[in-house]
Structure formats: C-alpha cells, structure tokens
Amino acid sequence: MATIDIWIQLENHPWDVCPNWPVDRSEAEGAMPVGSLKQVFMRSPVSGKSRLATVRRPIAKDALLLRRYTAEWKAPDDRKVNPWDLNEIDPTDTGTMGTIPGAIIECNVGDTLQIHFRNLDTRTKNFPAPWEPAGSGELLPAAARAHSLHAHGLTFPSKYDGAYPLSPPDPGQLITTQERNQWIAIGVTGPYKQGDRVPPGGTFTYTWEARGPASAGVWSYHDHSICDMENVGLGAIGMIVVHNPADKENEVQITADQLPGGSWIASPLDDVWVPAGAIKIGLLQSQLASLVYPSQSAHRSAKTKARRDKKGPAADHIIRFSEFDIELDKNYKFWNSIRVSVYRKPADQALFLLLFHEMPGVGGCINGRKYLGNAPTLVAGPKTRMRFGVLGMGEMFHTFHIHGHRWVITGPSGKTPSTIEQSAQIEAASQFQDTTLLGPGSSFAFTIEEGKGLMRPDPPLGEWHMHCHVPMHMMDGMVGSLLVINGGEAALPLPVGRGCPLRVADPAPPYKSDLKTWRIRITPTSFDPGELEIEEGDFVEWINTDPEGVHSVRAKNGDFESNPLDPGKIWGWIFYKAGTYDYNCKFHKHEWWYDRGGYNLTPYIRVKPKSGSGGSSPAPAPPAATTTHDVAITSTGFSPSSVTIKAGDTVRWTNQDNTTHDAMADDHTSWGSPNLPPSKVWSHTFGQSGIFGYHCHIHPEMTGTIQVNP
C-alpha cells in the first residue's frame, strides 16, 4: 500500500476543439461551421514559454486545464490522456499546455493519494482579441476564479471533499503569510485553508484513499467550488483510475513498453526513411523553395530504427512537399530518400479513457474534441487487451457505442456487505452490450480482449465507429473511432465520407400565414428584448446572433425547448395559452434587467388572451418604421467609415470584397455579425443613442463608427 504524491495546477489556456484537418472525416464537405483561422496567445506560467498558435474552432472562453507537474510545481509533467490516440496532439508547452480531461490519476486498491493543488487562474473580464496582449484587461473577481478538487469513488473526511460551501477548514493546513491576502480576497479570514474554495495563487493538499476493492474502477475528479458548473464545462475535470491487481481478468498494467516509443507524449506513428534505390529522381531548381531548415521531421526521426543510415538525413538537405519530407543529395540535385509515416506495433495492453461532455460555444465533445478526425481515434492491435474507462459530465445524457464490439459491465460477487466490499469486480452485472447509457457524473469500465472470445469482430482489423448514439449528438460531432491494425502499415489518409445530398423542398402553398411573428435576438449575454408581450396564437422565433457561441431556448416550466442553436440558426414556438413564460439558455444564464431591489431577472414572454376573447389589454402596437443605412465592406475598409443615424434606425453591411469579413463592436460583446463571405449581408438595429466604434475581427485594421442621435 503506497502513498502517492501528485502535483496538479489549474491554468487557463485557449482550446481548439478541431485542431486537425480534415475537420470532419464523416462529411468531406465539412459539416462543422468554421470561420477563418485565428491566432491565440499561449503562455505556460511556470516555464514562461509562450507562442502564437493558430486555431480553427476555439471555445468561446479560455479553457480551465488541470495540468500535471513535477514536485513543488517546478515544471510541467504533461502526458497524453490516451498515448495511442492517433488524433491527440502534443500536450506539453509546445502544444496545448494541458489536456481535457486533466491530469490522469492512477493508483492501486489500498493506496493513499496526496493531491497537491495550486490555483493559477488568471482569466480577465474581457476575452482578449488576437491582436491584444494576453492577460490584458481587468481580472475576474477572485471568487469567480476560486477552484477546488472533488473526487468520486474514493474515501476521505469532509475537509478533503472540496465541495463548496460545505467543506470545513483543515486545521492541518495553516494559511501562510505568502498566501494570506489571496485567502482574504475570497472571504477566508481564519487561520486555516478550506479545500472547497482555493483562491487564485493559493494551494491546498487533498488526501484521498482507495480503501479496498470498493474503490476499484474509473472515477471523475472535478472543480466543485463557487462557479463549479461553469468551470467544469470549461474543462476543469479529470479522471481517476483505481486498479485492482486481484482482478486478473479485466485489469491492464501500462508500463513503458506498452507506450508508443516508450513515451507518454509520443505518436502512434513512426518515421521511416525509404532509400530512393536504383532510380535517380531529379529535382527542379524551383522546388528548392520548399527547403526546410532545420527539418523538424529529420529531428523527429532521429530515434527511428528504419532510418537510412546511422547519422540519419542531413537536416539542411530536407525539402517538404505536403505530407512528405524528401532528403536530397549533397549537391541538391537528386533524391536520396523519402520519409514515410507508418503505424507503430500496437501494445498488448491499453488503457483507453474517454470523457463525454459539452463545452461553451461548441456543444458536445469527446475529450475536448469534435468530429471524426479530431475526436479520439484509438489504435489497438488484433490481440490487444483494451480496458475502457468512460465518463459523462455536463447537462446531457449520452450513450457509448463501438461498432463490431460487445462487452459486459462487471461487478462484485458475494452476498454480505463485507464480502461484496472486498470482492474483485469479476461477476457479470449487465447483459451483453454494444451501447451503454451514460449520465452526467457517471462512469463505468469494461475490458475487451481482441483475438479472444466472442466479444469482438472476427477478424478485428479495420476502423470501427466509436460515438454517442443520440442522433443529434452524433451528427453534432461526438464521433471517434477504434482503429485495429497489425503495425507497420503506411499511415496514409483514412477514409473520408460525404454529406447527405440536400433534398429540394416542395414549393410553398399559395397562401399567406396570418400568424403574427415576433423575433428575439440571442446575443452572447442576453435575449433582446428580454421581456415581450404577445397574444395567444402568436409565433415567436429566436435567432442566435452570437458569432461564436451555441445557445438554446428552454422554458423554466418545461413547456418548450429548442435544440442547440449554432450561430445564425433560428428556432420558433407558437404560444396558444395565456400566461407568463420564463425561459433561458441551458448553456448560459442570461439576465436582462437589474431592478431597484437588486434582483437579476431572467427573460420572459407574457401571453395575453387574444383580442376579442375577453382580454382587457389591447394588442401590442406594431413596431415603428425605421430607416436603413448601407455600409459597404471593401478591400480598403468600411465605406462610409462613419455613419450618423437616429435611435431605432438600422445599419446594413454588405461584403463587396472577395474575402470574408465581419463587423464587430469594439467591446466584443454588445453586438457583432457572423463571418460574412463575399456578397453576404448583415444588419443591426441601434436602439440607444451614443457613439459606437466597431472593427472587422478578422482584419482589425478595418474600423468604423456609428453615431446614434436621439
């Protein structure tokens, strides 16, 4: 029975849910709504390493990542969640600076875990634009940046529960002089630390025990502090794997020889330099423009067994074409060899960990990624024992499904509580399954051994879908795969599908609807208008004008609820019954008014009896006519760049350039268009007087001003 010390630090970093291309192997046309490539600033707070990174689909805010560190938080000790995941990219300072889920905690039954946690959340109120320095703007309040760690499945006293506001102070952890001001800032004025609200810059040590076989399995640990649900949605969640060595039928032991290249961060792919042979292949002089120096691929290949000679290719003789590196002779005239990526031989045992969750602005994810080719593609061999641990978190229920494979969830044996608690989980506790229901906060584990028994395909070789089987979630990108190979195959592009052909709708019937229609705009922070009065039988439609966030519409009483609405999407509802309907977005809390009593009010719709049916109030007056002012978007900027209008008037932007632009308020929150491809049009009505600066978020040098008079 060992005591294991693990050092974890919470950090905030940009996160891209679709870092690989193609963005969606399921549909070649690309089902994923993506805008132009964006640049974000990445900085590792302890090592100080920083860089600009290019992202395709970042989440709406910084992610909160639970990073593994060496003792005393001296240096990052990042590891991949799944080293045999073909799509998981570098988690170190040169990559994502952490993972989702966060640091994986592993131990055996009977072990004690000492989790040393440090909170280094430096989020600001305004998410910086790409051209602004990282960390610019006022910090979020300390309470909004307080965090904790709460473990499932383990044993501990309440002081280590990490659950706000119930965890008491820990008399064993005095607040040091260095941390005193940080704890005071979140209201902890006593002498002892509290594990349910660790302030920015603060530390806390949690002691958790895997007490007996009842702790065996795969569990979650996550933030449970003041803003816990928002923080968990941003990635502040990890996984705990408690092994039971007595369970010899299901357990796996992951040693260095079971990792790709013996490393926690290496790729399942290896590089092989293939000699050009007897055929002399020449080179056009113009192709020397593709010369790479120094060649990252050449350095990456330094440890491969199949290189051309002991020294490997000369770093200054490499040219790169698409996916291939070519080594030239010393005179730069002929090919010597070409680099080919091949699959490493898969391990005999593998631990595969999968988190099914949602993230703000992008919806459902698997391990923080979306769409086939970005979500995990797990590589196994025809005789690999695969131990799966699957965890659900968020607002939604999911199902876990792998094509061609079946499993049984195992449980303890025995008939008395003491016997059950001390039993290895080897008895079947479910029927044969290929789809298992997964709720928020729940987890399960099972083992499949390729090449043995009837629980796998025969033969198992091939790529098998692995996804949530809820149709809406699957089509929204919660799709990965299991790739079963022998090893040594060329790593050529995997299959890419096509989208379903669009069907032509029937012509509209020759009638005009008599429905009175009302429109509500969904912005990043509000519903506009926040209060609306209509009559029975009226139709209300909501349009998501947030250029980056996914929102929804859900009635408090459950009468109506939309699907997740991507930017630009519309959803509507007919109100047949009089009454007041409070509603909100299930992903975000929108508040439209702060009254004199100090209450934040949620949006609502008041439905009156239809005119003539006994109602005493007249129907709402139709909106007053407004004037529309046109602004052209050209290659040189907005024309005119300054417009003077009246309150209630509308400004209409038309993209007359041959590249994509947008129009975004300088505060990045009050209003902004989606990305506008050439010839696209977008409008915004200004209801209040004032002077409003704006810019193109893609080309920030393009600016304009709207002056709104009363």
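Each remark here, short or long, concerns the structure printed above.
Residues numbered from 1 in each chain as written. Predicted model: local features only at pLDDT ≥ 70, side-chain atom pairs only at ≥ 80, totals over all residues. Heavy atoms only, no water.

Visitor: Help me out: how do you make sense of the overall build of the protein chain in this one?
Guide: When helices and strands are counted, the protein chain shows 5 helices and 46 strands. When burial is assessed residue by residue, the protein chain has 47% of its 710 residues classed as buried. Of the contacts made within the protein chain by residues no fewer than 6 positions apart, 69% connect residues no fewer than 24 positions apart. (Helix = DSSP H or I, 4+ residues; strand = E, 2+ residues; numbered from the N terminus. Buried < 20%, exposed > 50% of the residue type's maximum accessible area, 1.4 Å probe, protein only. Contact = heavy atoms within 4.5 Å.)

Visitor: What should I look at first to understand the packing of aromatic side chains in this one?
Guide: Here a ring pair, both rings aromatic, is described through the centre-centre distance and the interplanar angle of the planes. Under the defined criterion, the tally for this structure stands at 33 aromatic pairs. Consider the rings of Y160 and F204, whose centres lie 6.3 Å apart with planes at 65°: the pair is edge-to-face. Of this pair, Y160 sits in the loop between β7 (150–151) and β8 (169–174) while F204 sits in strand β10 (residues 203–209), and the two are 44 residues apart along the sequence. The burial state of Y160 is the same as that of F204; both residues are buried. Between W542 and Y583 the ring centres are 5.5 Å apart and the planes differ by 75°, which places this aromatic pair in the edge-to-face class. Residue W542 is found in strand β32 (residues 538–544), and its partner Y583 is found in strand β35 (residues 579–584); the two are separated by 41 residues along the sequence. The exposure class assigned to Y583 is buried, which follows from its relative accessible area of 2%. An aromatic cluster of at least three residues, connected via ring pairs, comprises F527, W542, F560, W571, W573, F575, Y581 and Y583. Between K280 and the ring centre of F334, over which it is positioned, the NZ or CZ distance is 4.7 Å. (Phe/Tyr/Trp six-rings, centres within 6.5 Å; stacked < 30°, edge-to-face > 60°. Lys NZ or Arg CZ within 6 Å of the ring centre and 35° of its normal.)

Visitor: Sorry if this is basic, but what is going on with the sheet that holds strand β21 (residues 385–392) here?
Guide: Consider a sheet: its strands pair through backbone hydrogen bonds, and that pairing is either parallel or antiparallel. Spatially, 4 strands are ordered β19-β18-β21-β26 in an open sheet, and the strand pairing comes out mixed. Both outer strands of the open sheet, β19 (363–366) and β26 (443–449), are each paired with one neighbouring strand and no more. Direction aside, the axes of adjacent strands within the sheet are offset by 15° on average. Looking at chain direction, strand β18 (residues 349–359) and β19 are connected through 4 bridges and run antiparallel. The residue of β19 that forms the bridge with M359 is G363. (Pairing = 2+ DSSP bridges. Axes fitted to C-alpha atoms, helices over the stretch in contact; angles between N-to-C directions.)

Visitor: Sorry, what's going on with the side chain of H401 here?
Guide: Looking at the element boundaries, H401 is found in strand β22 (residues 398–402). Polar contacts involving the side chain of H401 include one to the side chain of T435, which spans 3.0 Å. Among all residues touching H401, those that are not within four sequence positions of it are W407, D434, T435, H465, M466, H467 and H469. (Polar contact = N/O pair within 3.5 Å; in protein donor to acceptor, adjacent residues only side chain to side chain.)

Visitor: Sorry, what's going on with the nonpolar core here?
Guide: For soluble globular proteins, nonpolar side chains are generally found buried alongside one another. Counting 58 residues, the largest nonpolar core has I8, I105, I115, Y206, W208 and Y221 as the members making the most contacts within it. Secondary-structure elements contributing two or more residues to this core are β1 (3–13), β4 (63–69), β5 (105–108), β6 (112–120), β10, β11 (217–222), β12 (237–243) and β18. Ranked by residues supplied to this core, first place goes to β12 with 5 residues. Residues I366, A380, F400 and W464 belong to the second largest nonpolar core, which totals 32 residues. (Core = buried A, V, L, I, M, F, W, Y, C linked by side-chain atoms within 4.5 Å.)

Visitor: Please explain the pattern of salt bridges as it appears in this structure.
Guide: Once their charged atoms are close, side chains differing in charge can pair, the charge on each being opposite to the other. Summed over the entire model, instances satisfying the criterion amount to 21 salt bridges. We note a salt bridge from R25 to E463, for which the minimum N-O separation is 2.7 Å. With R25 in the loop between β1 and β2 (38–43) and E463 in strand β27 (residues 462–467), the pair connects residues that are 438 residues apart, well separated along the chain. Looking at R25, the relative accessible area reads 8%, which means it is buried. On the basis of relative accessible area, E463 is assigned to the partly exposed category, the value being 26%. Salt-bridge contacts for E209 lead to R211; the nearest nitrogen and oxygen are separated by 2.9 Å. The class of E209 is partly exposed, set by a relative accessible area of 28%. Because the salt bridges share partners, they merge into one network encompassing E11, R67, D78 and D93. (Salt bridge = Lys/Arg side-chain N within 4 Å of Asp/Glu carboxyl O.)

Visitor: I tried to follow the sheet that holds strand β30 (residues 527–528) on my own but got confused; where do I start?
Guide: The 4 strands lie next to each other as β30-β29-β32-β34, forming an open sheet whose pairing is mixed. If you trace the sheet from one side to the other, it starts and ends with β30 and β34 (570–575), each paired once.

Visitor: Explanation requested: the pairing of strand β28 (residues 479–484) in the structure shown.
Guide: The element β28 is extensively covered by neighbouring structure, given that 6 of its 6 residues are classed as buried. Burial along β28 is two-sided: the face carrying V479, S481 and L483 and the face carrying G480, L482 and V484 are both buried. Bridge count for strand β20 (residues 377–380) against β28 is 4 bridges, and the pairing is parallel. In the strand pairing of β28, T377 is matched with S481. Alignment of β27 against β28, held across 6 bridges, turns out to be antiparallel.

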